[in-house]
Amino acid sequence: MGYKVAIVGATGNVGREMLNILEELEFPVDEMHAVASRRSKGVEVSWGDRTIKCQDIDGFDFSKVDIVLMSAGGDVSREWSEKIGKAGPIVIDNSSAFRKDPDVPLIVPEVNPDAIKLARKKNIIANPNCSTAQLVVALKPLHDAAKITRAVVSTYQSVSGAGKEGMDELWNQTKAIYGLGDATPKKFPKQIAFNVIPFIGSFRDDGYTDEEAKMWDETHKILDPAIKLTVTCVRVPVFVGHSESVTLEFDRPISPDEARSILREAPGVMVIDKQEHDGYITPVDAAGEHAVYVSRIRKDHTVENGLSLWVVSDNLRKGAALNAVQIAQLLDETGTIKPSSGYRSITV
């Protein structure tokens, strides 16, 4: 017997990836419901070898499902997630709406699976920011071996992090520039084609952006509030895949070889690190994959116990949809939920 699952925001980039990954990982689904806004009612999405029609969120009875994967943005989540949770199912929310709520666990299964015990407080679990998810997967095993005291992170975030509109803008601007057409920015504040933009989100009073603040707030909640973290988030003309340049300081010496050995044994991590012209991972290599890739592991000679890393992952997968499905697996593995259609046990 499987679970009754609803995906809210099923027509978006992440919603479609959720459908794909549930199928790929053979998560036990008895019933699948695609839910979206009224304007997407009746739109068909692929589920396995068939298609299902989207239902209107306003008329959908959430009490008849076990799990709701929410990927429709913060406004929709703030309006609906608590109401859905009170109706019975557990909501796995991909937005930032509840990440800082102390009664809502913020989970990356490879990093803090024990937080699942808080899932029933509000029947909501938060999925972290896509850049945070890959960062903490890479940091956790190193932090367990030698405490990280400080981290400096620069992100190189793909346009898919801004949704379909972001991907369309990169595509249309690229064509326009080659064809001497109109490349006026619409989604992004500046031209994204053949450019980089050191600004994601909105500015705070301290000069950082809210995207940068999300990364340190979430890393502190998931991993360790004692880590000093500074972040610069940059949008780059890449369709899928976020990259991060990471410099770490530890409380004891840790060599690049020791770090490679630790990371090779870590769940969810793949080390590709050869001192050759192609011995590292790029976003194109990571697109469509599940792992968090770590390359360019080297000593930072400017501090006493420092290392620098290059971290890459598919932001639509590990940064969003895959992590949400892994949380659903964790709910099942721990017995936090059981299918409403009957008890079953699985090994994943």
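Residues numbered from 1 in each chain as written. Predicted model: local features only at pLDDT ≥ 70, side-chain atom pairs only at ≥ 80, totals over all residues. Heavy atoms only, no water.

- The name an unreviewed UniProt entry gives the chain is Aspartate-semialdehyde dehydrogenase, with Brevundimonas alba as the organism.
- Looking at the Subunit (unreviewed entry) heading of the UniProt record, one finds this comment for the chain: "Homodimer." (UniProt positions renumbered as here; feature names shortened; annotations may be inferred.)

## A closer look at the overall build of the chain
Stage number 1. Scanning the chain from terminus to terminus reveals 8 helices and 14 strands.
Stage number 2. Since a compact globule built from 348 residues should have a radius of gyration of about 20 Å, the 20 Å found for the chain is in line with a globular shape.
Stage number 3. Overall size of the chain, expressed as C-alpha extent along the three principal axes, is 60 × 55 × 40 Å.
Stage number 4. Expressed as a percentage of its 348 residues, the buried residues of the chain come to 53%.
Stage number 5. Partitioning the contacts of the chain with sequence separation of at least 6, the portion at a separation of at least 24 is 67%. (Helix = DSSP H or I, 4+ residues; strand = E, 2+ residues; numbered from the N terminus. Rg over C-alpha atoms; globule rule 2.2 N^0.38 Å. Buried < 20%, exposed > 50% of the residue type's maximum accessible area, 1.4 Å probe, protein only. Contact = heavy atoms within 4.5 Å.)

## Things to note about the pairing of strand β13 (residues 292-300)
The side chains of a regular strand alternate between both faces of the sheet.
Stage number 1. Summarising the sheet, strand β12 (residues 269-271) and β13 pair through 3 bridges and their orientation is parallel. Opposite valine 271, over in β13, you have valine 294 as the bridge partner.
Stage number 2. Direction of pairing for β13 relative to strand β14 (residues 306-313): antiparallel, over a ladder of 6 bridges. Each residue of the ladder has a partner; that of lysine 299, found in β14, is leucine 307.
Stage number 3. If you look at the hairpin formed by β13 and β14, you'll find 5 residues sitting between the two strands. (Pairing = 2+ DSSP bridges.)

## Regarding the nonpolar core
Stage number 1. Formed by 55 residues in total, the largest nonpolar core has its most connected members in Phe62, Leu142 and Leu248.
Stage number 2. Per-element accounting of this core gives the leading share, 6 residues, to helix α3 (residues 130-145).
Stage number 3. Two domains each put at least three residues into this core: domain 1 (3-127 + 321-334) and domain 2 (131-158 + 196-313).
Stage number 4. Residues contacting leucine 142, with those up to four places away along its chain left out, are Leu248, Phe250, Ile254, Ala259, Ile262, Leu263 and Leu309. (Core = buried A, V, L, I, M, F, W, Y, C linked by side-chain atoms within 4.5 Å. Domains from an automatic or database assignment.)

## Looking at the environment of tryptophan 310
Stage number 1. For tryptophan 310, the location among the structural elements is in strand β14.
Stage number 2. Put simply, tryptophan 310 and alanine 320 are 10 residues apart on the chain and 20 Å apart in space, counted from C-alpha to C-alpha.
Stage number 3. Leaving out residues up to four positions away in the same chain, tryptophan 310 has contacts with Tyr156, Ser243, Glu244, Ser245, Ile281, Tyr293, Val294, Ser295 and Arg296.
Stage number 4. Here the side chain of tryptophan 310 touches isoleucine 281 through a polar contact of 3.0 Å, landing on its backbone oxygen. (Polar contact = N/O pair within 3.5 Å; in protein donor to acceptor, adjacent residues only side chain to side chain.)

## Describing the sheet that holds strand β6 (residues 67-70)
Stage number 1. The 6 strands lie next to each other as β5-β2-β1-β6-β7-β8, forming an open sheet whose pairing is parallel. Both outer strands of the open sheet, β5 (55-56) and β8 (124-126), are each paired with one neighbouring strand and no more.
Stage number 2. Across 6 bridges, strand β1 (residues 3-8) lies against strand β2 (residues 29-36) in parallel orientation. When the sheet's bridge partners are listed, tyrosine 3 is paired in β2 with valine 29.
Stage number 3. Running at roughly 150° to strand β7 (residues 90-93), helix α8 (residues 317-333) makes contact with β1, β6, β7 and β8 of the sheet. (Axes fitted to C-alpha atoms, helices over the stretch in contact; angles between N-to-C directions.)

## Some points on the UniProt feature "domain: Semialdehyde dehydrogenase NAD-binding" (unreviewed entry) in the chain
Stage number 1. Using the residue numbers shown here, the UniProt feature "domain: Semialdehyde dehydrogenase NAD-binding" (unreviewed entry) corresponds to residues 4-119.
Stage number 2. Secondary structure across residues 4-119 comprises 22% helix and 27% strand; the distance between its end C-alpha atoms is 18 Å.

## Looking at the packing of α3 against helix α5 (residues 210-222)
Stage number 1. Look at α3 against α5: their axes get within 9 Å of each other, and the N-to-C directions meet at 45°. One finds that α3 runs oblique with respect to α5. With respect to the hand of their crossing, α3 and α5 are arranged in right-handed fashion. Counted together, Ser131, Thr132, Leu135 and Val136 of α3 and Lys214, Met215, Glu218, Thr219 and Ile222 of α5 form the full contact between these two elements.
Stage number 2. When grouped by side-chain class, the residues that make up the contact of α3 with α5 number 4 nonpolar, 3 polar and 2 charged. (Parallel < 35°, antiparallel > 145°, perpendicular 65-115°, else oblique. Left-handed = near helix turned anticlockwise from the far one by under 90°. Nonpolar A, V, L, I, M, F, W, Y, C, P; charged D, E, K, R; others polar.)

## As for the UniProt feature "active site" (unreviewed entry) in the chain
Stage number 1. Mapped onto this numbering, the UniProt entry annotates "active site" (unreviewed entry) at Cys130 and His242. Annotated residues spanning 113 residues; largest pairwise C-alpha distance 8.1 Å, indicating a single compact cluster.
Stage number 2. One can find cysteine 130 in helix α3.
Stage number 3. Note on cysteine 130: relative accessible area 16%, which makes it buried.
Stage number 4. Residue position: histidine 242 is located in strand β11 (residues 242-250).
Stage number 5. The residues touching histidine 242, leaving out its near neighbours within four places in the chain, are Cys130, Ser131, Gln134, Tyr156, Gln157, Ser158, Gly161, Val311, Val312, Ser313 and Asn315.

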